[in-house]
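In case you want the letters, here they are:
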Amino acid sequence: MPRGPNMIRTAPRTLLTARALQRQTSCSPLARSAQVYQLHLVNIHTTARRNMAVEIAPLPIPPTADASLLKDFGREVKGVHPGKLTPEQFKEIHDLLYKHGALLFRNVDLTPEQQYALTKAFDPASESYGHGNKKTEGEKKSILHPDLKTIPRVPQVQLIGNGVVYDHEGLAEAKLKHPSHTTFHKTRVSPEDEEKGYTRFYRWHIDAALYDLSPPKVTTLYGVTVPKGKHQRVRYDDGTGDELEVPLGTTAFVDGKTMFDILPPELKSLAVRTKVKYAPHPYVWMAPAHALPTGLGIMSEGLEMPYSELPPWDESKIKTLPMLWKNPVTGELHFQVHPCGAAELLVDPLPEGAKREGALYPDGAHLTDLKEVRDLLYKMQRPAIAPNLVYPHDWEEKDLVLFHNRGVLHTVVGAFKPDQVRAFHQCNLAASDDPKGPSEEDVKKWA
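Only a predicted model underlies this, so the values are computations on that prediction, with no experimental measurement involved. (Residues numbered from 1 in each chain as written. Predicted model: local features only at pLDDT ≥ 70, side-chain atom pairs only at ≥ 80, totals over all residues. Heavy atoms only, no water.)

A. Structural view of the sheet that holds strand β16 (residues 342-347). If you walk across this open sheet you meet the four strands as β13-β12-β16-β17, and the pairing is antiparallel. For this open sheet the edge positions go to β13 (320-322) and β17 (365-367), each flanked by a neighbour on one side alone. Neighbour-to-neighbour, the strand axes of the sheet open up by a mean angle of 20°, direction not taken into account. Strands in contact with helix α10 (residues 370-381) are β16 and β17; relative to β16, the strand with the most contacts, it is inclined by about 75°. (Pairing = 2+ DSSP bridges. Helix = DSSP H or I, 4+ residues; strand = E, 2+ residues; numbered from the N terminus. Axes fitted to C-alpha atoms, helices over the stretch in contact; angles between N-to-C directions. Contact = heavy atoms within 4.5 Å.)

So, in structure tokens, the structure goes:
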């Protein structure tokens, strides 16, 4: 059974009795009586906390979404504090997260230490931040460099947001910058349309270094300061006319299970047989390039940094991961590919006895042409970011969101003005192992 956060161990699993306390002290009868009463109150509190039920409710699905397709996605958790869970409560939270992809706790006071302990509880052998402690700050060429500031005393927790934050968790001054599509996409929403409230998805992704370190299992996001403002309107600008109304500064999520489930049979067959090879130091590699207007991948213009100019890298540390990641609790398959970092696709041949008619790459293939790789991934992933399949979270201060980083894709959205201060704590930990792909039975079923 997964272990709960470190602070869980402060709650005794068996209650001390007054007689036991008397045996442990030599103080006066009056003092002993006071200590017994205090212990009685502690025991009552501990018992009450242990007996608190985990209550869940559906997330508020926006009218833009198809409620029937998102009915199993996300749950709000009530009745327990995420930083003070018993082992039994944590086991329930653990399973709920893997079943529903995202969990929301409202109005929670949470320290960075508690956030780190909760995140680590999902993978007790994990230790460092998902990109390596303080590595994103040190790597100036990385596209992630401007977005993250490390909490000094808990380096696994990052401060992200917008504007200038003072005297925050050991940081005297932190200048934060909300990622903007205007600096990353090939094209941009015009300043005039931005003033009217139009914006874009920034970059659909998984939280992962995708080089050397294994993708984190869970990400936790905690809203410290959340500015309010008018809703914005995401334009896809890909010729479809798709648009989506979103709250200011939303984090948008799509379910990797749905991404796989809605594929036609020939693409399901391809997905179950394919592995994705990522570029070395992918966030440095992609930094000179431009993204598509949907934020779902990179334009193929030959602008990526040549491998010879990247920071030193080792072939053995390059990540080659399954296209589909298997959910450890439900056994379902989730389409989990970071389209911006993907460099090559390795396709296994059809298994013996599989139907070849209509199959793509029935004898297997190794795709190394970057445009071909990207076009194929876009064809497979674009349907799942349709407006009716996106959950845009409407943040409130003291919201804590946990999401299954190996089961969903997400993106920053929108734009803030410089004087709109936003501060969030983010934590994810490089995992103790790589995600597992489809089983033999899965391949036979879907290929």
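After that view of the structure, there is still more to cover.
B. Broad picture of the packing of aromatic side chains. The final tally for this structure, using the stated rule, is ten aromatic pairs. Between the aromatic rings of F253 and F403, the centroid separation amounts to 5.2 Å while the plane-to-plane angle is 65°, which identifies the pairing as edge-to-face. In this pair, F253 sits in strand β11 (residues 251-255) while F403 sits in strand β19 (residues 400-404), placing the two residues 150 residues apart along the sequence. Neither F253 nor F403 differs from the other in exposure class; each is buried. An aromatic cluster is built from F73, F253, Y391 and F403, whose rings are joined through pairwise contacts. The residue whose ring lies beneath R235 is Y198, and the NZ or CZ to ring-centre distance is 5.1 Å. Above the plane of the ring of F260 lies K268, whose end atom (NZ or CZ) is 5.7 Å from the centre. (Phe/Tyr/Trp six-rings, centres within 6.5 Å; stacked < 30°, edge-to-face > 60°. Buried < 20%, exposed > 50% of the residue type's maximum accessible area, 1.4 Å probe, protein only. Lys NZ or Arg CZ within 6 Å of the ring centre and 35° of its normal.)

C. The arrangement of the sheet that holds strand β18 (residues 391-393) in detail. The antiparallel open sheet is built from three strands, whose spatial order is β18-β11-β20. Edge strands, defined here as strands with exactly one partner in the open sheet, are β18 and β20 (408-412). When strand polarity is set aside, the average angle formed by the axes of neighbouring strands in this sheet is 25°. The pairing of β11 with β18 spans three bridges and is antiparallel.

D. Structural context of empty space enclosed by the protein. Across all of its chains, the model carries three cavities of 30 Å³ or more by this definition. Roughly 420 Å³ of volume is contained in the largest cavity. Looking at the largest cavity, it is lined by 29 residues, and the ones nearest its centre are I160, H205, D207, V412 and Q426. Among the elements of the structure, β5 (157-168), β8 (218-225), β20 and β21 (422-428) are those that each provide at least two residues to the lining of the largest cavity. For the lining of the largest cavity, the element with the most residues is β21, which contributes three residues. (1 Å grid on protein atoms, 1.4 Å probe; cavity = no way out; pocket = protein on both sides within 12 Å on 5 of 7 lines; lining within 4 Å. Points joined across faces, edges and corners; volume = space filled by probe spheres on them.)

E. Broad picture of the side chain of R200. By the secondary structure assignment, R200 is in the loop between β7 (198-199) and β8. One polar contact links R200 to H185, side chain to side chain, over a distance of 3.3 Å. Reaching out from R200, the side chain makes a polar contact with the side chain of D237 at a distance of 2.9 Å. Beyond its immediate chain neighbours, meaning those up to four positions away, R200 contacts H181, H185, T187, R188, V189, V234, R235, D237, P293, V413 and G414. (Polar contact = N/O pair within 3.5 Å; in protein donor to acceptor, adjacent residues only side chain to side chain.)

F. Here's a closer look at the confidence of the model for the protein chain. Per-residue confidence for the protein chain averages 89 on the pLDDT scale, and 86% of its residues sit at or above 70. Note on residues 3-48: pLDDT under 50 across the span, and 41 contacts to partners over four residues away in sequence or across chains. (pLDDT = per-residue confidence, 0-100.)

G. Highlighting the side chain of T219. Along the chain, T219 turns up in strand β8. Residue T219 is classed as buried on the basis of its relative accessible area, which comes to 0%. Of note is the side chain of T219, whose polar atom sits 2.8 Å from the side chain of D207. Residues within four places of T219 in sequence aside, it is in contact with D207, V401, L402, F403, N405, Q426, C427 and N428.

H. Highlighting the pairing of β11. Within β11, five of the five residues are buried, leaving the element largely enclosed by the surrounding structure. Alternating positions in β11 separate into two faces, T251, F253 and D255 on one and A252 and V254 on the other, with burial throughout. Summarising the sheet, β11 and β20 pair through five bridges and their orientation is antiparallel. Within the sheet, the bridge partner assigned to A252 lies in β20 and is T411.

I. Just helix α4 (residues 112-121), in detail. Within α4, nine of the ten residues are buried, which leaves it mostly tucked inside the rest of the structure. The inward-facing, buried residues of α4 abut α3 (87-100), β5, β8, β19 and β21.

J. Structural detail: the environment of S142. Topologically, S142 is positioned in the loop between α5 (135-138) and β4 (149-150). Separated by 141 residues in the primary sequence, S142 and Y283 have C-alpha atoms spaced 5.1 Å apart. In this structure S142 touches Y283 and V284, once residues within four positions along its chain are discounted.

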